[in-house]
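# Structure assessment
As a plain string of letters, each chain reads:
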Amino acid sequence: MNFQPLDFKANARKAMADPNLREALSRVQTNFSGRRAEAVARLPEFDQLRHDARAIKDHVLAHLDVYLERFEQKVVEAGGHVHWCRTPREARETILSLCRKVEAKTCTKGKSMIAEEIALNPFLAANGVQPIETDLGEYIIQLADEPPSHIIGPAVHKTKAQISDLFHEHHAKLGRTQRITDEQGLVNEAREILRQKYFDADVGITGANLLVAETGSSVIVTNEGNGDLTQTLPKMHIVIASLEKVVPTLEDACTILRVLARSATGQEFSVYTTFSTGPRRPDDVDGPGEYHVVLLDNGRSAMVGTVLGELLRCIRCGACMNHCPVYQSVGGHAYGWVYPGPIGAALDPHFIGIEAGQHLPQASTFCGRCEEVCPMQIPLPAIMRHWREQSFSARVTPPLQRYAIRLWAMAARRPALYRLGARLAMGALALAGRGRGRFARLPLAGGWTAGRDLPAPAGRTFQDQWRGARE
Ligand code: SF4
């Protein structure tokens with residue numbers, strides 16, 4: 001799979017110069033943000049629902065051990081199995097050994113960010129089990145050999161023409177030589193190709209939007225129905241989920257589902273919301289013979305009770321990235337790791353370390369829109385600020401930037417000095433910009449002027465103007 005290197009600045013520059021990406025990203029605003037706004041406007045109690053959903057997650061995180069054990073007990077009572085995995089490696093190996101148990105050659109897969117987090121597909125393929133993505137977006141990027149660029153729209157970075165080319169290239173080998181260019185035709189072709197794969201697969205792997213402790217159920221939401229075919233047709237259903245997905249009751253699950261669909265796609269509910277509880281029972285007409293839940297920690301239990309613990313409320317709706325001016329400009333691949341956008345900027349450094357992820361918490365204008373739209377009220381800018389502080393303390397921040405921050409901090413603690421410095425700088429800039437009105441280039445502001453001109457200051461600082469207006 002072609003991952004971008006972990007170099008946000010270089011990736012972002014490349015992304016901004018890509019006309020296909022610009023065209024594809026323009027749809028984020030209409031398809032996601034616009035529909036969310038309409039859905040929220042139609043539901044006066046939306047803010048109360050957000051409040052309730054947050055309270056549910058906060059309660060779970062304070063009693064995580066209790067609800068996880070209850071969940072396991074209920075899964076076992078329903079005839080299933082729970083596998084506790086501390087690391088991605090343990091999770092991968094558990095899934096492989098389950099696949100080997102039924103001598104699987106292929107497995108169908110529903111969309112799962114946790115599967116991306118543990119790099120499941122390349123591992124299974126290297127060990128003789130061919131994974132087949134069944135979510136349309138995931139199927140497209142599997143053909144392109146790319147990681148997802150959005151947590152709910154994995155192929156949002158692709159234009160229709162690019163998808164048409166991909167299908168033509170890959171499906172021609174299967175005897176479909178006619179190039180399809182219309183949306184419905186592309187969907188139909190993917191559906192026809194995938195249909196037999198569901199019947200041939202020995203194992204179906206899905207993620208889980210929620211795990212319900214009360215019943216031992218895993219819950220998935222899709223708009224294509226692919227998840228249902230993935231989990232009911234093969235001999236074995238494996239759910240891969242991180243441990244914070246658990247909620248106490250079915251009612252709690254419904255509260256969260258109501259904010260999830262509205263925040264993600266602006267729907268009142270997703271087209272398919274499926275609760276799976278254990279393997280097929282004797283009087284069931286279909287369903288898997290075996291049901292396994294692989295529960296991944298990967299450092300999450302250590303986040304509980306820390307500043308990062310608030311991130312565990314995330315329900316992966318994608319609203320923060322849909323409203324982020326940085327994400328909308330550079331897309332998801334620029335972030336270089338599994339989770340893009342503001343949630344990625346706040347979460348990824350926990351997994352990859354602040355040195356490798358140093359640019360991610362900087363990839364924000366701090367406009368605060370992500371926190372405003374987050375249904376779980378996660379303080380994303382504050383968490384990014386936490387990482388900036390970590391980066392500064394660990395001396396990962398470049399020396400010049402560190403000295404500049406120190407200098408600014410020193411002045412900010414001495415108001416008279418700060419005002420004097422600001423007046424001198426404003427005066428000098430106003431003088432230098434006189435007659436021009438703008439700077440096309442400015443020392444120490446190259447990043448800003450590379451993309452736009454800097455207006456020349458009027459000559460008075462904000463504080464002076466503020467004081468003048470009050471007098
Ligand atoms: S951080 Fe909030 S807005 Fe972003 S994906 Fe998670 S729940 Fe959604």
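Before reading on, note that the structure itself is shown above.
Notes on the structure follow. (Residues numbered from 1 in each chain as written. Predicted model: local features only at pLDDT ≥ 70, side-chain atom pairs only at ≥ 80, totals over all residues.)

### Points about the overall build of the chain
- Scanning the chain from N- to C-terminus turns up 21 helices and 12 strands.
- What you see for the chain is a C-alpha radius of gyration of 25 Å, in line with the 23 Å of a compact globule of 471 residues.
- Here the C-alpha coordinates of the chain stretch approximately 85 × 55 × 45 Å along the principal axes.
- By residue count, 40% of the 471 residues in the chain fall in the buried class.
- For the chain, long-range pairs separated by at least 24 residues make up 74% of all intrachain contacts whose partners lie at least 6 apart in sequence. (Helix = DSSP H or I, 4+ residues; strand = E, 2+ residues; numbered from the N terminus. Rg over C-alpha atoms; globule rule 2.2 N^0.38 Å. Buried ≥ 20, exposed ≤ 12 C-beta atoms within 10 Å, placed from the backbone. Contact = placed C-beta atoms within 7 Å.)

### Digging into the sheet that holds strand S7 (residues 236-242)
- Spatially, the six strands line up as an open sheet ordered S1-S10-S7-S4-S2-S3, and their pairing is parallel. Each end of this open sheet is capped by a strand with a single partner; those strands are strand S1 (81-85) and strand S3 (130-133). With strand direction ignored, the average angle separating the axes of adjacent strands in the sheet is 25 degrees.
- The pairing of strand S4 (residues 203-206) with S7 spans four bridges and is parallel. Across the sheet, the residue bridging to glycine 204 is histidine 237, located in S7. (Pairing = 2+ DSSP bridges. Axes fitted to C-alpha atoms, helices over the stretch in contact; angles between N-to-C directions.)

### Section: the site of the ligand
- Close to the ligand lie Cys314, Ile315, Arg316, Cys317, Gly318, Ala319, Cys320, Ile343, Cys374, Pro375, Met376 and Ile378.
- Within the shell around the ligand, the residues separate by chemical class into 10 nonpolar, one polar and one charged. (Near = placed C-beta within 6 Å. Nonpolar A, V, L, I, M, F, W, Y, C, P; charged D, E, K, R; others polar.)

### Thoughts on the pairing of strand S2 (residues 106-109)
- By the bridge criterion, four bridges tie S2 to S3 in an arrangement that is parallel. Among the inter-strand pairings, threonine 108 is bridged to a residue of S3, identified as isoleucine 132.
- Summarising the sheet, S2 and S4 pair through three bridges and their orientation is parallel. Each bridged residue has a counterpart across the sheet, and for lysine 109 the counterpart in S4 is isoleucine 205.

### A closer look at the sheet that holds strand S8 (residues 246-247)
- A sheet is described by the order of its strands in space; here four strands give the open sequence S8-S5-S6-S9, paired in mixed fashion. One side of each edge strand has no neighbouring strand; the edge strands of this open sheet are S8 and strand S9 (272-276).
- Two strands pair when backbone bridges link them, and strand S5 (residues 210-212) and strand S6 (residues 217-222) are joined in this way by three bridges, in the antiparallel orientation. The residue of S6 that forms the bridge with valine 212 is serine 217.

### A few points about the environment of aspartate 464
- Considering the arrangement of structural elements, one finds aspartate 464 in helix H21 (residues 462-470).
- Along the backbone, aspartate 464 and arginine 419 are 45 residues apart, and their C-alpha atoms lie at a distance of 8.8 Å.

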